[in-house]
Every structure is written in structure tokens, then in C-alpha cells.
Amino acid sequence: AKAEGRNNYRFFLPSMHERVKERKTIEEDLRNALEHDQLELYYQPKIDCRTERVVGAEALVRWHHPERGLILPGEFISVAEECGLINRLGAWVLEKACRQTRIWRDSSLSDLRIAVNLSPAQFQDAELVDSVTKIVKETALPHGTLELEITESILMNNPEKAVSTLKELKELGVLIAIDDFGTGYSSLNYLKRFPVTSIKIDRSFVNDIHVDVDDKAIVDAVIGLGHSLNLEVVAEGVEEVEQLVYLQEKGCDFIQGFLFSKPLPASTFESWVTERHG
Ligand code: C2E
Ligand code: CA
Ligand code: CA
Ligand code: CA
């Protein structure tokens with residue numbers, strides 16, 4: 001057992017060590033990125049399912065790494081969460097997205113709504129409501145323009161605190177979407193208790209709706225549930241026209257997905273919408 005233990009130890013150590021080193025590198029680079037303006041927001045259009053017009057955008061962060069090129073959030077959000085950089089990163093995203101939306105609303109995209117993703121740590125940050133208040137004031141965004149996307153786990157951690165935070169945000173005219181709906185430890189009860197305004201059906205359920213009867217059933221049920229609770233229902237990850245048609249038949253409210261567009265840099269997003277709306 002001793003020998004085995006030693007073997008495991010020898011086997012385990014380098015890979016652990018490598019991983020820790022890799023994380024450390026990302027962490028240092030990320031600090032640097034925040035200071036040197038290497039982050040950029042991309043915007044994915046949110047489409048009205050019925051009219052197929054663009055009603056808003058979801059802001060999704062990208063990192064232009066000086067050596068590694070473009071890095072997707074899947075590679076660095078969790079590191080930012082672990083090393084405590086997420087609040088700074090999140091504040092940057094929130095401000096950037098609101099300021100960009102102000103610019104768009106002043107020019108060609110006057111009714112545009114903007115959705116911003118929030119990490120659990122940001123939601124728990126005592127300063128969240130203050131920073132949202134400040135940026136909404138500064139950019140004079142009308143009620144119903146800014147939407148924050150949170151996940152189910154945020155609500156379950158500390159429900160009392162979550163309710164009060166959400167109520168404060170609601171008073172500011174901020175909309176709340178439940179992201180990745182159906183993938184967490186959902187308790188349908190919270191939909192009633194928390195002042196949320198929309199649910200986003202996770203991509204994993206949308207993928208096969210045009211072929212899989214179980215996914216059909218789930219999506220139908222979520223749309224029905226959402227509507228009976230007066231919530232907007234958004235489907236994400238729509239890639240095929242058959243999926244769109246199905247969601248339109250079922251009365252889904254909004255959709256996002258590669259069928260319409262990938263997330264785009266701000267200027268490309270603007271010309272894409274302008275061209276589309278003619
Ligand atoms: P999410 O909030 O669920 O965002 C949707 C993700 O699905 C995005 O990936 C988007 O590019 C991708 N997507 C959209 N339509 C389609 C489609 O039709 N097919 C497929 N296969 N994918 C599609 P992205 O930008 O890589 O972001 C991944 C995740 O990183 C996001 O998932 C979100 O949880 C997180 N994230 C992104 N930006 C931020 C941010 O500013 N703050 C925080 N806290 N998290 C962020
Ligand atoms: Ca999201
Ligand atoms: Ca999602
Ligand atoms: Ca996700």
C-alpha cells in the first residue's frame with residue numbers, strides 16, 4: 001500500500017502541479033488583461049420569435065490574449081471566479097454593455113435591450129445593486145432595457161438574500177432572466193417566489209426538439225409553465241430552421257442561436273441589425 005501510495009503521489013504530483021501553474025498563468029494574464037484593455041464584448045442578437053425582428057442582444061465577453069489569440073469565456077470565467085477577479089471583470093462587462101447600449105439607442109437601434117450574464121459571486125457582492133444603480137443612471141437606460149441573466153444555483157444558495165436583491169434590481173427597472181433553465185436543481189417553486197421576468201431554455205433541450213420526443217415534451221412544458229407564470233420564454237442555441245419553426249408553433253417568445261447569428265463585435269452587430277431591418 002505504501003509503494004502504491006508513493007506511485008500515486010509521483011503520478012499525481014506533476015499533473016496537479018501543471019494545472020496549478022496553468023491556472024496561475026491565466027490568473028496573472030487576466031489581471032493584466034483587465035489593466036490593458038484586452039477584453040471585448042461580443043453581442044448575440046435576440047430575435048422576436050413571431051416577427052423575427054431583433055429586439056436585443058446578449059453581451060458575451062471575449063479575451064484577446066497577446067500570445068494566445070482570442071479566448072472564449074469557458075476558459076477564463078471559472079478562473080476569474082476562483083481567484084476573485086470576477087467582480088472586477090463583471091463590473092467592466094456591465095459598464096461596457098450599458099454604455100454601448102446607450103450609444104446604440106442614440107443612433108440606429110433605439111429600442112434595443114441588453115442582457116448581461118452575472119456570476120454567482122457577483123450576485124452575492126454587496127455592491128452589486130449600487131453599481132447597477134450607478135451605471136443605469138449614468139447611461140439613462142429606460143426601465144426594461146437592462147436584463148441580468150442569472151442561474152438557478154444563485155437563487156438556491158441564499159433564497160432570502162436573493163429575493164431582496166432581486167426586488168431592489170426590479171425597482172431599478174432591471175429584468176431578470178433565468179439562464180440555462182432546466183439544467184440546475186430547479187425548484188419550480190422559486191419561479192413564483194422570485195421576481196424573475198424570463199426563462200431561457202437551455203441549448204441542450206433545444207438541440208433535438210425537431211426529432212426527439214422527450215426534448216419536445218420538455219420544451220413544450222417549459223413554454224407552458226413560463227407563460228402561465230407570465231414569464232417571457234427564450235430558447236437558446238437555435239441552429240436549424242426546423243427548430244425555429246417548432247418554437248414558433250409553440251409560441252416561444254424569443255430565440256437566440258447561430259441560425260440567425262453568432263455573437264458579433266459591436267460594430268459588426270450594428271451593421272448586421274441595420275442590414276436585416278433594412
Ligand atoms: P451562456 O450565457 O449560456 O451563453 C450562451 C453561449 O452559447 C455563448 O457561448 C454563445 O456563443 C453560445 N451559443 C449561442 N448560440 C449558439 C448556437 O446556436 N449553438 C451553439 N453551439 N452555441 C451557441 P460563449 O460566448 O462561449 O459563452 C459561454 C458562457 O460563458 C456563457 O454561457 C456564460 O455562462 C459565460 N459568459 C460569457 N460572457 C460572460 C460574462 O460577461 N460574464 C459572466 N459571468 N459569464 C459570461
Ligand atoms: Ca446567458
Ligand atoms: Ca445559457
Ligand atoms: Ca451556460
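Scroll up to find the structure this text is about.
Since this is a predicted model, take the numbers as computed values, not measurements. Numbering of residues begins from 1 in every chain and follows the order in which that chain's sequence is written. Numbering of ligands from 1 and lettering of chains from A proceed in the order in which they are written. This being a predicted model, a pLDDT of at least 70 is required before a residue's local features are given, and a value of 80 or more before pairs of side-chain atoms are given or counted; all residues contribute to the totals for chains, interfaces and linings. For side-chain calculations, the full set of non-hydrogen atoms in the structure is used, while hydrogens and water are omitted.

Observations concerning the coordination of the calcium ion (ligand 2)
1) Next: Distances from the calcium ion (ligand 2) to its protein donors, Glu58 (OE), Asn117 (OD1), Glu149 (OE) and Asp179 (OD), fall at 2.1 to 2.3 Å.
2) Next: Coordinating donors are taken as N, O and S atoms within 2.8 Å of the metal, stretched to 3.2 Å for Na, K and Ca; because water is absent from the atoms, sites can appear incomplete. Each donor residue of the calcium ion (ligand 2) belongs to the same chain, and together they define the spacing E-x58-N-x31-E-x29-D.
3) Next: Separating the calcium ion (ligand 2) from the calcium ion (ligand 3) is a distance of 4.1 Å, and Asp179 supplies a donor atom to each of them. Placement of the pair is Glu58 in strand 2 (residues 54-65) and Asp179 in strand 6 (residues 175-181), with a sequence separation of 121 residues. For the residue pair Glu58 and Asp179, the accessibility class agrees, reading buried in each case. Labels follow the DSSP assignment, with helices taken as runs of H or I lasting at least four residues and strands as runs of E lasting at least two, numbered in each case from the N terminus. We call a residue buried when its accessible area falls under 20% of the maximum for its residue type, exposed when it is over 50%, and partly exposed in between, using a 1.4 Å probe and counting protein chains only.

Some remarks on the site of ligand 1
1) Next: In the vicinity of ligand 1 lie 22 residues, with Arg62, Ser119, Arg203, Glu239 and Phe258 positioned nearest.
2) Next: Whenever a nitrogen or oxygen atom comes within 3.5 Å of another N or O atom, the pair is scored as a polar contact, on the condition that within protein one atom can donate a hydrogen and the other can accept it, and that pairs from neighbouring residues in sequence are kept only if both atoms are in side chains. A distance of 3.2 Å separates a nitrogen atom of ligand 1 from a polar atom in the backbone of Val61.
3) Next: At a separation of 3.0 Å, an oxygen atom of ligand 1 approaches a polar side-chain atom of Asp179.
4) Next: Calculation of accessible area relied on Shrake-Rupley with a 1.4 Å probe; when residues are assessed, cover is drawn exclusively from the protein chains displayed. Computed on the free molecule, ligand 1 has an accessible area of 800 Å², of which 82% lies beneath the protein chains in the complex.
5) Next: Sorting the residues of the shell around ligand 1 by element identifies strand 2 and strand 6 as the ones contributing at least two each.
6) Next: For the shell around ligand 1, the element with the highest residue contribution is strand 2, accounting for four residues. One heavy atom within 4 Å of a molecule or strand makes the whole residue count as near it.

With respect to the packing of aromatic side chains
1) Next: Centres within 6.5 Å make a pair out of two Phe, Tyr or Trp rings, where for Trp the six-membered ring is used; the pair is then stacked when the planes are under 30 degrees apart, edge-to-face when over 60, and tilted otherwise. If you walk through the whole model with that rule in mind, you get four aromatic pairs.
2) Next: On the basis of an interplanar angle of 85° and a centroid distance of 5.4 Å, the ring pair of Trp63 and Phe76 is categorised as edge-to-face. Here Phe76 lies in the loop between strand 3 (69-71) and helix 2 (77-82) and Trp63 lies in strand 2, a separation of 13 residues in the sequence.
3) Next: The exposure class assigned to Trp63 is buried, which follows from its relative accessible area of 1%.
4) Next: Phe76 gets classed as buried once you look at its relative accessible area, which sits at 0%.
5) Next: Measuring from ring centre to ring centre gives 4.9 Å for Trp104 and Phe269, while their planes differ by 40°; the resulting arrangement is tilted. With Trp104 in helix 3 (residues 86-106) and Phe269 in helix 12 (residues 266-277), this pair connects stretches of sequence that are 165 residues apart.
6) Next: You can call Trp104 buried: its relative accessible area is 0%.
7) Next: Two thresholds decide whether a charge sits over a ring: the Lys NZ or Arg CZ must be within 6 Å of the ring centre and within 35 degrees of the ring normal. Over the ring of Phe254 we find Lys46, and its NZ or CZ is 5.6 Å from the ring centre.
8) Next: In this arrangement the basic side chain of Arg193 is found over the ring face of Phe194, its NZ or CZ atom lying 5.4 Å from the centre.

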